[in-house]
Every structure is written in structure tokens, then in C-alpha cells.
Amino acid sequence: MSDMPAKLAEIVDDFASAPRDVVLEMLLEFSDAVPPLPDSLKGHEGMEQVPECQTQFFLRAEVQPDDTVRTYFDCPPEAPTTRAFAGILAEGLEDASTSEILAVPDDLYNRMGLATAISPLRIRGGTAILGRLKRQIREQSDRPTAALDRTEES
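Residues numbered from 1 in each chain as written. Predicted model: local features only at pLDDT ≥ 70, side-chain atom pairs only at ≥ 80, totals over all residues. Heavy atoms only, no water.

Engineer: Which residues make up the overall build of the chain, and what are the values?
Structural biologist: For the chain, the count of helices and strands is seven helices and three strands. Helices (α) and strands (β) of the chain occur, in sequence order from the N terminus, as α-α-β-β-β-α-α-α-α-α. Each principal axis of the C-alpha distribution contributes one length, and for the chain these read about 50 × 35 × 25 Å. Evaluated residue by residue, the chain yields a buried proportion of 47% over its 154 residues. A fraction of 68% describes how many contacts in the chain between residues 6 or more apart in sequence connect residues 24 or more apart. As displayed, the chain has an accessible area near 8,500 Å², and 49% of this comes from carbon and sulfur atoms. Here the chain carries 15 positive and 28 negative side-chain charges, and the mean point of each set is 6 Å from the other. (Helix = DSSP H or I, 4+ residues; strand = E, 2+ residues; numbered from the N terminus. Buried < 20%, exposed > 50% of the residue type's maximum accessible area, 1.4 Å probe, protein only. Contact = heavy atoms within 4.5 Å. Areas by Shrake-Rupley, 256 points an atom, 1.4 Å probe, with all protein chains shown as cover. Lys, Arg positive; Asp, Glu negative; His and termini not counted. Charge placed at Lys NZ, Arg CZ, Asp CG, Glu CD.)

What follows is the structure, encoded as C-alpha cells:
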């Protein structure tokens, strides 16, 4: 059984071992780390909204032919905590395989020690983001890949 991606495990450890007053600063840094959306997703076309988030949050997971996953997130800068979840996942899941991402524990944010730093509502939103991401990956992994194998990488 594979464990969560190494980059994400490192981020989780950093948060779990950080003093509480530093955690919020770390979250703010991650809120700045969300990559901009490619033009093709600018209008959230093909992205899923996460209604559990208090703010507008959109995501998309794309399973690549090599079984790695590309993630896309969009959330307004006025929602730094929720945006930080996106930054953590964007960085922590970069180049991860489908099985590594599916192995990420659902209580990720509690393991990071965030339950004491941010509201339960925000934790619930972050957990929903991870859950929807995993569901998209599972749906794509269940699809036949024969057509994908014939398509050249762009």
C-alpha cells in the first residue's frame, strides 16, 4: 500500500510540528502559492464547484497518460485559509500518481494540526476539496484508457 506523496507528507509534518502562532503565517504563504489557471479553465469551464466551502472554490483533477495527476484550483484571494488548502494540495500533490493521491488520509487537515488553528467549518471545506478531488480521480481511473493510449501527448 503506497502512502501519501512525499512532498505532501513533508508539508503535513511541517505544519504538525510548527508552533500554533506560526501555522497561520504558513497558511498565508500557501495561499500565495496557488498557480494561476490556464486560459482554458479561466471561466471555470469543466471545473467542479465545492459547495461545502464558504467561498467560491473550483477544482479539477486530470489524470495524465503516465498516471500522474494534474490539479487545478481557483479560489478568491479574499479567502486566504481556503486558498491555502488549494496551495497545499497544489504543491503537495504535484507529480503524484493516482494511487498516491487516493492514499492521502481524509483527515489530512487534522493530521496537520489545523483543527486548533482554524474553524471546523473551514476544516470541513478543506476535507470536501480533498474528497471531490479523489472522486474525480477515481472516475477518470475507471474509464477505459485505450483511447488515451493512442493519443499523442500534446
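Engineer: I'd like to hear about empty space enclosed by the protein, residue by residue, with values.
Structural biologist: Under the defined criterion, the tally for this structure stands at one cavity of 30 Å³ or more. Its volume calculated, the largest cavity comes out at about 40 Å³. Lining of the largest cavity is provided by Glu52, Cys53, Gln54, Thr82, Leu121, Arg122 and Gly125. With three residues, the single largest contributor to the lining of the largest cavity is helix 6 (residues 120-142). Considering only residue class, the lining of the largest cavity consists of two nonpolar, three polar and two charged. (1 Å grid on protein atoms, 1.4 Å probe; cavity = no way out; pocket = protein on both sides within 12 Å on 5 of 7 lines; lining within 4 Å. Points joined across faces, edges and corners; volume = space filled by probe spheres on them. Nonpolar A, V, L, I, M, F, W, Y, C, P; charged D, E, K, R; others polar.)

Engineer: I'd like a description of the sheet that holds strand 3 (residues 69-74), backed by residues and values.
Structural biologist: Strand order across the open sheet formed by three strands is 1-2-3, with antiparallel pairing between neighbours. The strands lining the two open edges of the sheet, one partner per strand, are strand 1 (48-49) and strand 3. Note: strand 2 (residues 58-63) against strand 3, six bridges, orientation antiparallel. Along strand 3, the bridge assignment pairs Ala61 with Thr71. Running over the sheet, helix 6 touches strand 1, strand 2 and strand 3 and is turned about 30 degrees from strand 2. (Pairing = 2+ DSSP bridges. Axes fitted to C-alpha atoms, helices over the stretch in contact; angles between N-to-C directions.)

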